[in-house]
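Residue-level structure breakdown
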Amino acid sequence: QKEVEQDPGPLSVPEGAIVSLNCTYSNSAFQYFMWYRQYSRKGPELLMYTYSSGNKEDGRFTAQVDKSSKYISLFIRDSQPSDSATYLCAMNVKGGGNKLTFGTGTQLKVEL
Amino acid sequence: GAGVSQSPSNKVTEKGKDVELRCDPISGHTALYWYRQSLGQGLEFLIYFQGNSAPDKSGLPSDRFSAERTGGSVSTLTIQRTQQEDSAVYLCASSFLDRQYEQYFGPGTRLTVT
């Protein structure tokens, strides 16, 4: 079993929809949780990071962490065609060598 | 400011040849990471450089892989005697030492071994 599980999709939604992207994890030592966006043939771009359980909002993006359930989510409001990309969750252990452990990514397509 | 840069962007090589991939991190970032992204595998950690400390090589898949970082800045990942299973996108990232959760990635080098 992988330490981080993420549904690969593809997920197709109409423009303006609210998108929910999720990851589950098994390592309770994970403390930092990140979301990256990756366009085709580009490097991953950091969207948000969170440390504690709860919600963190940045514009149209909200990251949610539930450590008791080992479940994290990224919500995208008013989705746009430009949001079409692969979304990767990543986690790391504080003091654990600084490497990030990634999910395999969810491919999102926002259609006009 | 300038982001992480990597070269070459694409590399096609024959099986058995050696390749060198280069990464130039963001200025001021003392932590540098190499990852590999294969189809269906997600991003896989390879190696981590932290300032002047010994690198964390725990993710290197075999002794054909090595990396160095000269002068605390530019890094080179070397793959010797390449195999077809080495075909992947090799990504470099950098961060401040105390903000390892904020890793910024370069565009990657797409390696194809024929």
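The present account deals with the structure reproduced in this document. None of the values given here were measured: they were computed from a predicted structure. (Residues numbered from 1 in each chain as written. Chains lettered and ligands numbered in written order. Predicted model: local features only at pLDDT ≥ 70, side-chain atom pairs only at ≥ 80, totals over all residues. Heavy atoms only, no water.)

Taken as a whole and assessed by the stated rule, the structure comprises 13 aromatic pairs over all chains. Note on Y32(A) and Y51(A): the rings are 4.8 Å apart at their centroids and 45 degrees apart in plane angle, and the pair reads as tilted. Of this pair, Y32(A) sits in strand β4 (residues 30-38) while Y51(A) sits in the loop between β5 (45-50) and β6 (54-58), and the two are 19 residues apart along the sequence. Assessed through its relative accessible area of 12%, Y32(A) is described here as buried. For Y51(A), a relative accessible area of 37% translates into the label partly exposed. Among the aromatic residues, those joined into a ring-pair cluster are Y36(A), F102(A), Y33(B), Y35(B), F45(B), Y48(B) and F105(B). Between K56(A) and the ring centre of Y49(A), over which it is positioned, the NZ or CZ distance is 4.2 Å. Across from the ring centre of Y51(A), 5.2 Å away, lies the NZ or CZ of K67(A), which sits over that ring. (Phe/Tyr/Trp six-rings, centres within 6.5 Å; stacked < 30°, edge-to-face > 60°. Helix = DSSP H or I, 4+ residues; strand = E, 2+ residues; numbered from the N terminus. Buried < 20%, exposed > 50% of the residue type's maximum accessible area, 1.4 Å probe, protein only. Lys NZ or Arg CZ within 6 Å of the ring centre and 35° of its normal.)

Turning our eyes to something else, we now look at the layout of surface pockets. Computed from the structure, the largest pocket encloses a volume of approximately 810 Å³. Considering the residues around the largest pocket, the lining is formed by 30 residues, among which Q38(A), Q37(B), L39(B), V89(B) and R110(B) are closest to the centre. Mapped onto the lining of the largest pocket, the elements with two or more residues apiece are β9 (85-93) of chain A together with β4 (31-38), β8 (88-95) and β10 (109-113) of chain B. Counting residues per element, the lining of the largest pocket draws most heavily on β10(B), at 4 residues. Considering only residue class, the lining of the largest pocket consists of 10 nonpolar, 17 polar and 3 charged. Each pocket or cavity is described by its volume, and for the second largest pocket that value is around 320 Å³. What lines the second largest pocket is a set of 16 residues, among which T101(A), F102(A), Q41(B), L43(B) and E44(B) lie closest to the centre. (1 Å grid on protein atoms, 1.4 Å probe; cavity = no way out; pocket = protein on both sides within 12 Å on 5 of 7 lines; lining within 4 Å. Points joined across faces, edges and corners; volume = space filled by probe spheres on them. Nonpolar A, V, L, I, M, F, W, Y, C, P; charged D, E, K, R; others polar.)

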